[in-house]
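One letter stands for each residue in the lines below.
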Amino acid sequence: MGFHTIIATLIITVFLISLAYTLIAGNTSLADTTLEGYKGGVKSEIDKLRTDITLINVSYDPVLGVLTTYVKNTGAEKFSNFNKFDMFIYGTTTSGATITKYLTANYTIVNELINPNIFDPGEIASANATVLLDNGTYVLQVCTPNAICNVLDFVVG
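Before going into details, it helps to say that this report is about the structure given with it. (Residues numbered from 1 in each chain as written. Predicted model: local features only at pLDDT ≥ 70, side-chain atom pairs only at ≥ 80, totals over all residues. Heavy atoms only, no water.)

A word on the overall build of the chain
Here comes step 1: When helices and strands are tallied, the chain shows one helix and eight strands.
Here comes step 2: Reading the chain from its N terminus to its C terminus gives the helix and strand order α-β-β-β-β-β-β-β-β.
Here comes step 3: Taking 15 Å as the expected radius of gyration for a compact globule of 157 residues, we find that the chain reaches 29 Å, considerably beyond that expectation.
Here comes step 4: Based on the C-alpha atoms only, the size of the chain along its principal axes is roughly 105 × 40 × 20 Å.
Here comes step 5: Buried residues in the chain amount to 29% of all 157 residues.
Here comes step 6: Taking the intrachain contacts of the chain between residues at least 6 apart in sequence as the baseline, contacts between residues at least 24 apart amount to 56%.
Here comes step 7: As presented, the chain carries roughly 10100 Å² of accessible surface, and 62% of it is formed by carbon and sulfur atoms.
Here comes step 8: Across the chain, the centroid of the 8 positively charged side chains sits 5 Å from that of the 13 negatively charged ones. (Helix = DSSP H or I, 4+ residues; strand = E, 2+ residues; numbered from the N terminus. Rg over C-alpha atoms; globule rule 2.2 N^0.38 Å. Buried < 20%, exposed > 50% of the residue type's maximum accessible area, 1.4 Å probe, protein only. Contact = heavy atoms within 4.5 Å. Areas by Shrake-Rupley, 256 points an atom, 1.4 Å probe, with all protein chains shown as cover. Lys, Arg positive; Asp, Glu negative; His and termini not counted. Charge placed at Lys NZ, Arg CZ, Asp CG, Glu CD.)

What follows is the structure, encoded as structure tokens:
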């Protein structure tokens, strides 16, 4: 009777140690996954805090239908790809019609200061978009990939 009790105790002890190890390993993995998620969220928020742009000037050529604006990187974030920049225009024509459009623009860095083909802090880029606008008052909005936007009002006509 004593030998069977010792074996049963050893089996239960091994089972409890295995169960405890499994729970600890699972909690460690869960904590690591949660920490990585928080790191990603914090990095995204830091990128937003470091990002800022300023629209310097907007001009519209009614003959060619070309809208040109100059964007200055006034933040600390560098951008290597303009494909993720968004440009919107909204406003009211003199006849009272409301206009809202998403524009596809071609960006060119005007004053390359440091890194070629990278929109570094302090640099200015021109953005050209083709759009037909009637006479009226409009607002141009340009947004970075981190959803930081800047607007500038302008008049056509």
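Details of the state of the cysteines
Here comes step 1: All chains considered together, the criterion is met by one disulfide.
Here comes step 2: Between the sulfur atoms of Cys-143 and its disulfide partner Cys-149 the distance amounts to 2.0 Å. Taking the sign of the S-S torsion, 105° for the link of Cys-143 and Cys-149, the bridge is right-handed.
Here comes step 3: Judged by its relative accessible area of 7%, Cys-143 falls in the buried class. (Disulfide = S-S within 2.5 Å.)

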